[in-house]
Amino acid sequence: QVQLVESGGGLVQSGGSLRLSCAASGRTFSSYFMGWFRQAPGKEREFVTAITKSGGGTRYADSVKGRFTISRDNAKNTVYLQMNSLKPEDTAVYYCAADRDWPLIAGSVDYWGKGTLVTVAS
């Protein structure tokens, strides 16, 4: 069992930055691929980014490429999402995800966090 707790969400102006963190319980963090998904009001949950177990590989949705960066610290059992040049359309609840399989797919993720709200004001 893996428990994921996100933090770092909030209100930011368009063009601003936020850094999300996701702390994982347990001693098997490095055994999981990690990722971030988001869900805007009235929309389905969508993939944002993911990172391999060692952190050596990443994948991004086209909508965030060049603006968002995912990273992980296996010693701290934590995955991060640095979000720059934020846009109003980035407003959503952001969810941390852990999965034994790659790529991460919303319908088959092993573990989810409860989410953190990011609001980007225009």
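**Student:** Could you give me a rundown of the nonpolar core, with the residues and numbers involved?
**Tutor:** Counting residues in each nonpolar core, the largest one holds 35 residues, and the members touching the most others are Leu-4, Met-34, Trp-36, Phe-68, Val-79, Met-83 and Tyr-94. The set of elements that each furnish at least two residues to this core consists of β3 (18-24), β4 (33-39), β5 (46-51), β7 (68-73), β8 (78-83), β9 (92-99) and β11 (116-121). Counting residues per element, this core draws most heavily on β9, at 5 residues.

**Student:** Account for the side chain of Thr-52, with residues named and values stated.
**Tutor:** Take Thr-52: it is sitting in the loop between β5 and β6 (58-60). A residue is classified by how much of its surface remains accessible, and Thr-52, at 18% relative accessible area, is buried. For Thr-52, the contacting residues outside a window of four places in its chain are Phe-33, Gly-57, Arg-72 and Trp-102.

**Student:** Break down the pairing of β5 for me, citing the residues and quoting the values.
**Tutor:** Counting buried positions over the 6 residues of β5 gives 5, a clear majority of the element. Bridge analysis of β4 against β5 gives 5 bridges, and the strand direction is antiparallel. By the bridge assignment for β5, Trp-36 is matched with Thr-49. Where β4 folds back on β5, the antiparallel hairpin that results is connected by 6 residues, among which Gly-42 adopts a positive phi of roughly 80 degrees. Examined bridge by bridge, β5 and β6 share 3 bridges and lie antiparallel to one another. Within β6, the residue paired with Thr-49 across the bridge is Tyr-60.

**Student:** Go over the pairing of strand β1 (residues 4-7) with me, naming the residues and quoting the values.
**Tutor:** What you see with β1 is a clean split: Leu-4 and Glu-6 sit on the buried side and Val-5 and Ser-7 on the side with no burial. Of the pairings in the sheet, the one linking β1 to β3 comprises 4 bridges and is antiparallel in character. Within β3, the residue paired with Glu-6 across the bridge is Cys-22.

Procedures and definitions
Residues numbered from 1 in each chain as written. Predicted model: local features only at pLDDT ≥ 70, side-chain atom pairs only at ≥ 80, totals over all residues. Heavy atoms only, no water. Core = buried A, V, L, I, M, F, W, Y, C linked by side-chain atoms within 4.5 Å. Buried < 20%, exposed > 50% of the residue type's maximum accessible area, 1.4 Å probe, protein only. Helix = DSSP H or I, 4+ residues; strand = E, 2+ residues; numbered from the N terminus. Contact = heavy atoms within 4.5 Å. Pairing = 2+ DSSP bridges.

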